[in-house]
Structures are given as C-alpha cells and as structure tokens.
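Letter by letter, the chains look like this.
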Amino acid sequence: MDPSLRIVPASVPKTASVVETSNSLGLHDTLQYGPRTIATEMKTEGSLKDRLYNWEETQDNLKLTMMRNTYGLHAPMRLLMERRIASANPHMTLLPQTNLQLDILMGRDESVEAADVFAGPLSGPPLDIRQDMEKKHRI
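Notes on the structure follow.

Conventions used here
- Residues numbered from 1 in each chain as written.
- Predicted model: local features only at pLDDT ≥ 70, side-chain atom pairs only at ≥ 80, totals over all residues.
- Heavy atoms only, no water.
- Core = buried A, V, L, I, M, F, W, Y, C linked by side-chain atoms within 4.5 Å.
- Buried < 20%, exposed > 50% of the residue type's maximum accessible area, 1.4 Å probe, protein only.
- Helix = DSSP H or I, 4+ residues; strand = E, 2+ residues; numbered from the N terminus.
- Contact = heavy atoms within 4.5 Å.
- Salt bridge = Lys/Arg side-chain N within 4 Å of Asp/Glu carboxyl O.

## Focus on the nonpolar core
Ranked by size, the top nonpolar core spans five residues in total: Leu-64, Leu-79, Ala-86, Leu-102 and Leu-105. Elements that contribute at least two residues to this core include exactly helix 5 (74–87) and helix 6 (100–106). In this view, Ala-86 contacts Asn-99, Gln-101, Leu-102 and Leu-105; residues no more than four positions away in its chain are not counted.

Below, the structure written as structure tokens:
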C-alpha cells in the first residue's frame, strides 16, 4: 500500500526517447541502443488504457490512505486482513463461485456489472457433489 492521495492513476512515461538513448554529444547512440525508429519512441498503448487498468487499485489505495489518516493505522490493516481471510473462502468446485463477503469488503456490492447479470449457463451438467468432494480431497 503506497500512502498516496492520488485520485487517478499516474501516467506511465514513454518507454524510449532520445534523452534516454543519447551519448555524450546528445545524439542517439545507434551502436548501443539499435537504430532509432518512430515505433520505439511512440508509446503503442494509450495512457487511457493504463489508467483504466490501474483505476481500481488507485481508488482502493486512496480509500485505504484516507482511512489511515482518519482512524489510524489499524483501520486499513484490519480491512486488508479481513479481505485476505474472505478471499481464502473454500467453495465447491461444481457450484458457481461467488464471494459476497469479499464483494462487501471491496465495496462492489452496490454496483451491477456484466458478470452479475450474465453469470453463466443456466443449465449445466448434473451436480454430483459427493464425487466432486472425493476428487477434491483425494479420497
């Protein structure tokens, strides 16, 4: 947990530029870094994709930092401990896996996502829980 009050994820710097690959004269060092191309200098993925990819992590980090500043160090530590315990929930492998407790701790219980509506096939193979538990526990 990085104690940061950042609302949006940080933008990732470019992967290659003339400044990083320059020699003592300020020119691109072709022998060491290879030929200079626009493809290596341009970022192939947009910064919006990076921000969306890191959005939930940044928002979670912000909430934990605000909890730490408001209530003290014990509050985010307790929440992280409860999340870890809830994520280690054993489940039956044939039954669909839903972890309502973890969703509540993460704050996802108030939103409806596509996975909530389209959970999977309505009809599947017949449930043989006894055989599944024997396979799981190697009995």
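Read on, since the account is not over.
## Comments concerning the pattern of salt bridges
Tallied over the full model, the rule gives four salt bridges. Across the pair Arg-83 and Asp-60 runs a salt bridge whose closest N-O atoms are separated by 2.9 Å. With a gap of 23 residues between them, Arg-83 in helix 5 and Asp-60 in helix 4 (residues 55–71) connect regions that are remote in the sequence. Here Arg-130 makes a salt bridge to Glu-134, at a shortest N to O gap of 3.4 Å.

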